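Summary of structural features
Below are the chains, spelled out letter by letter.
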Amino acid sequence: MKKYTTSLLALLLSGIAIHASAQIAKIKDGDKLSYATADYSAKGRDVTLEAERVLASALTEKDGNYTNRSELGASTFVRKNHLRISRETPQGIKTDLPADQQYNWMPPNGDFSKPWATGVAITHPQCGTGKATYDATAKPTKYTLQMGGKPVEVAAFEISFNGKWDFNNQCRSGKLVERWVYSPELDFVLEVDAQRFNPQGFLDRGNKLMLKSVN
């Protein structure tokens, strides 16, 4: 199955001064980002998170879009709503996403105070075209990361996406559970935690990606 991520564990820094959010600049062109990432694994219905590894990436911005590039490849997003419009493999093969496969995850009018519904088309070589649909809710939170070598706490929204994937054929359907953290202060998605389950309710695939530092 195709991997969908296509999403907060706040760092508790006891005894370390947190710099005021008023000094924070939005993540921008030329910034170097460092993530902690880990895959989920399962034994039966027991799901566990494997050891974290570091993923370094670089951000470039042009004509209202930004590209986040790492050893895993690159993704390009529209800045105003963080809609992913293309992806690129580590070998440099680029794919522009059709409009129905661009995941418009943000709430209508940017209002995080109310629940909302969203969805995106999905494809699979054996299953054809289907859809992932979600019910989403958000709540305010705080997120701590290093910026320029200093710990900074930012205001953010923790978003819970509860959904399912469905191909309406022999591939049937299954559950999707995602948690994203988005900071309007940084105008950036700071964390994505996604798990996909097969029709029998067992974990099929999952991953967690957390932004740790910006330089």
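What counts as what
Residues numbered from 1 in each chain as written. Predicted model: local features only at pLDDT ≥ 70, side-chain atom pairs only at ≥ 80, totals over all residues. Heavy atoms only, no water. Helix = DSSP H or I, 4+ residues; strand = E, 2+ residues; numbered from the N terminus. Buried < 20%, exposed > 50% of the residue type's maximum accessible area, 1.4 Å probe, protein only. Core = buried A, V, L, I, M, F, W, Y, C linked by side-chain atoms within 4.5 Å. Contact = heavy atoms within 4.5 Å. Phe/Tyr/Trp six-rings, centres within 6.5 Å; stacked < 30°, edge-to-face > 60°. Disulfide = S-S within 2.5 Å. Polar contact = N/O pair within 3.5 Å; in protein donor to acceptor, adjacent residues only side chain to side chain. pLDDT = per-residue confidence, 0-100. Pairing = 2+ DSSP bridges. Salt bridge = Lys/Arg side-chain N within 4 Å of Asp/Glu carboxyl O.

Moving on: unusual backbone geometry. Leave glycine aside and you will find that most residues have negative phi; peptide bonds, for their part, are mostly trans. Phi at His82 is positive, roughly 55°, even though this residue is not glycine. Within the secondary structure, His82 sits in the loop between β5 (73-78) and β6 (83-88). Here His82 falls in the buried class, since its relative accessible area comes to 3%.

Looking now at the nonpolar core. One finds Leu186, Phe188 and Leu211 to be the most contacted residues of the largest nonpolar core, which totals 22 residues. Breaking this core down by element, the ones donating at least two residues are β1 (32-43), β3 (53-62), β9 (128-147), β10 (150-166), β12 (188-197) and β13 (203-214). With near-sequence residues (within four places) excluded, Phe188 lies in contact with Ile27, Leu33, Tyr35, Leu59, Tyr66, Asn68, Arg79, His82, Val181, Tyr182, Ser183 and Leu211. One finds Cys127, Tyr134, Tyr182 and Val192 within the second-largest nonpolar core, a separate group that totals 21 residues.

Attention shifts here to the packing of aromatic side chains. The final tally for this structure, using the stated rule, is 14 aromatic pairs. A ring pair is formed by Tyr66 and Phe77, whose centres lie 5.1 Å apart and whose planes are at 15°; its orientation type is stacked. In this pair, Tyr66 is assigned in strand β4 (residues 65-70) and Phe77 in strand β5, connecting sequence segments 11 residues apart. As far as burial versus exposure is concerned, Tyr66 and Phe77 are alike and both buried. Note on Phe112 and Phe157: the rings are 4.4 Å apart at their centroids and 5° apart in plane angle, and the pair reads as stacked. One end of the pair, Phe112, is in the loop between β7 (94-96) and β8 (116-124); the other, Phe157, is in strand β10, with 45 residues separating them in the sequence. Given a relative accessible area of 7%, Phe112 falls into the buried group.

Right, let's talk about the state of the cysteines for a bit. Applying the stated criterion across every chain yields a total of 1 disulfide. Each sulfur of the disulfide joining Cys127 and Cys171 lies 1.7 Å from the other. When the S-S torsion is -85°, as for the bridge of Cys127 with Cys171, the disulfide is left-handed. One end of the pair, Cys127, is in the loop between β8 and β9; the other, Cys171, is in the loop between β10 and β11 (173-183), with 44 residues separating them in the sequence. Among the residues examined, Cys171 registers a relative accessible area of 13% and is labelled buried.

Tracing the backbone through its elements, the reader meets Asp193 in strand β12. Within the local environment of Asp193, its side chain forms a polar contact with the side chain of Tyr40, the two groups lying 2.9 Å apart.

Time to look at the confidence of the model for the protein chain. Interpretation of this model should avoid reading the predicted coordinates in detail wherever pLDDT is low. Chain-level statistics for the protein chain give a pLDDT mean of 89 and a share of 89% at 70 or above. Contacts from residues 1-22, a stretch scored under 50 in pLDDT, to residues over four places away or in other chains number 65 contacts.

Another point: the pairing of β3. Pairing between β1 and β3: 6 bridges, direction antiparallel. Looking at the pairing, Thr37 lines up with Arg53 of β3. Inspection of the sheet shows β3 paired to β4 by 6 bridges, in the antiparallel sense. From the neighbouring strand, Leu59 faces β4, where its bridge partner is Asn68.

What follows deals with the pattern of salt bridges. For the structure shown, the criterion picks out 11 salt bridges. Of the charged contacts, one joins Arg196 and Asp204 as a salt bridge, the two residues approaching to 2.1 Å between their closest N and O atoms. In this structure Arg196 comes out as buried when scored by relative accessible area, which is 4%. Using a relative accessible area of 37% as the deciding quantity, one classes Asp204 as partly exposed. Several salt bridges converge on common partners, so that one network encompasses Glu158, Arg179, Glu191, Asp193 and Lys208.

Tracing the backbone shows Asp31 in the segment before β1. For Asp31, a relative accessible area of 7% corresponds to the buried category. At a separation of 2.8 Å, a polar atom in the side chain of Asp31 contacts the main-chain amide nitrogen of Lys28. Not counting residues within four places of it along the chain, the set of residues in contact with Asp31 comprises Lys26, Ser57, Ala58, Leu59, Val214 and Asn215.

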